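Here is what each chain is made of, one letter per residue.
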Amino acid sequence: MTDATDPQAAPAPVLPAGDAPTTALVSAYRLDGKGGASLLDDDSLREQWQDPEALIWMHLDYTRGDVNDYLDDLAQLDEPSIEALTELDTRPRVARFGGGMVTTLRGINLNPGAAPEDLLSLRLWMSPTRLITLRRRPFQSITQVREQLEAGQGAESISWLLAMLSDALVDRVAELSHRLDEQLAIIEEDQLNDVEIDPDDITRLRRPLITLRRFMGPQRDCLAQLSQGPLWIDEQARLDLREIANQLSRYVEDFQAMQERALIIHEQRMSEHNEQLNQRMYLLSVITAVFLPLGFLTGLLGVNVGGIPGSDSQWGFAAFVGITLGVVAMQMWLLKRKKWW
């Protein structure tokens, strides 16, 4: 199952890394246009937000009750934009709202204990000088981008920041793709070596592949659409987004190929199982055919009435055994001749 939330974030500016924020504000940065950024607390964010030329990234937890204080009162987004950013069920898309653009991207949930198919969503609102991202649970991709900004090796513009976030999300998809491919290769090798395959292993592979294909295909289209988006997205960011979309397209094709390989393994396993079952049923049928006339003979001679042939002869039992062996030999000869055995 997927969650209409986001995957990989970090802490609020006033808290140690990994702690949950006490307000909707997880972090906020003002980009310096040279690859670095300064971390803003709540007061500094509200003050510098009034500067229309400032390049500001605000990262929020939309499950907090005061999220509308930042989206409505501070950012002054219109109602459709706020609804699009905070709705429960989302899928990758790109849409224009008011003075900005809203998109929803999916990322791999790398939180402890999470299943690979438990994708989480990152909601974004962007304009030439503003980027607002919303999540529910921590995103490792967000943490990575924040560390790059703090090290002075991050984005120089909002559109570049968008490309960096998209690239970080797709990198996690690549890691999962490689891991699933390795697991599938091990199962294929076991099948070739006639090693017993646990059907649950195949199921655990096929389930995330279905979910990844379902969401990563539309996400690839979103990234391609963003690469052709508003004029304020600079040329380098467009090229990066186009390349990221191409990479994701390759992973989507890999997921499809892995899905088909897993299906082939499943079908081969079912075919082998059915063949074994048919062989056993055939063997039982042959045994039944052999013993059917023998059962008739023993039943006929075993009736408790007078006149049974050989009942008074000391060679009667031996003769009967010889007759039954002869019947078995004749049956086997007929089965061999007709190639039924």
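Look a little higher up for the structure.
So, here is what we can say about the structure in this document. (Residues numbered from 1 in each chain as written. Predicted model: local features only at pLDDT ≥ 70, side-chain atom pairs only at ≥ 80, totals over all residues. Heavy atoms only, no water.)

### Let's talk about the side chain of R238
Okay, so step 1: Within the secondary structure layout, R238 lies in helix 7 (residues 235–301).
Okay, so step 2: One buried charged side chain, R238, makes no salt bridge at all; its nearest oppositely charged neighbour is E235, positioned 4.4 Å away.
Okay, so step 3: Those residues within four positions of R238 in sequence are excluded, and the remaining contacts are S227, Q228, G229, P230, L231 and I233. (Helix = DSSP H or I, 4+ residues; strand = E, 2+ residues; numbered from the N terminus. Buried < 20%, exposed > 50% of the residue type's maximum accessible area, 1.4 Å probe, protein only. Lys, Arg positive; Asp, Glu negative; His and termini not counted. Salt bridge = Lys/Arg side-chain N within 4 Å of Asp/Glu carboxyl O. Contact = heavy atoms within 4.5 Å.)

### Re a negative patch on the surface
Okay, so step 1: The grouping of D72, D73, E79 and E83 at the surface amounts to a negative patch.
Okay, so step 2: Tracing the backbone shows D73 in helix 2 (residues 67–74). (Patch = residues over 30% accessible without salt bridge, like charges linked within 9 Å, V, L, I, M, F, W, Y side chains within 5 Å. Areas by Shrake-Rupley, 256 points an atom, 1.4 Å probe, with all protein chains shown as cover. Charge placed at Lys NZ, Arg CZ, Asp CG, Glu CD.)

### Thoughts on helix 3 (residues 79–86)
Okay, so step 1: If you check which residues of helix 3 are buried, you get S81, I82, A84 and L85. Burial along helix 3 is one-sided: seen end-on, the buried residues are contained in an arc of 165°.
Okay, so step 2: The inward-facing, buried residues of helix 3 abut helix 2, strand 4 (93–97), strand 5 (100–107), strand 6 (120–126) and strand 7 (130–135). (Arc of directions from axis to C-beta.)

### What about the packing of helix 7 against helix 8 (residues 316–337)?
Okay, so step 1: Packing of helix 7 against helix 8 leaves a shortest axis separation of 10 Å and a crossing angle of 155°. When the axis of helix 7 is compared with that of helix 8, the two are roughly antiparallel. Seen from above, helix 7 lies across helix 8 with right-handed handedness. Across from V286, A289, V290, P293, L294, L297, T298 and L301 in helix 7, the residues of helix 8 making contact are F320, T324, V327, V328, Q331, M332 and L335.
Okay, so step 2: Tallied by class, the residues present in the contact of helix 7 with helix 8 amount to 12 nonpolar, three polar and no charged. (Axes fitted to C-alpha atoms, helices over the stretch in contact; angles between N-to-C directions. Parallel < 35°, antiparallel > 145°, perpendicular 65-115°, else oblique. Left-handed = near helix turned anticlockwise from the far one by under 90°. Nonpolar A, V, L, I, M, F, W, Y, C, P; charged D, E, K, R; others polar.)

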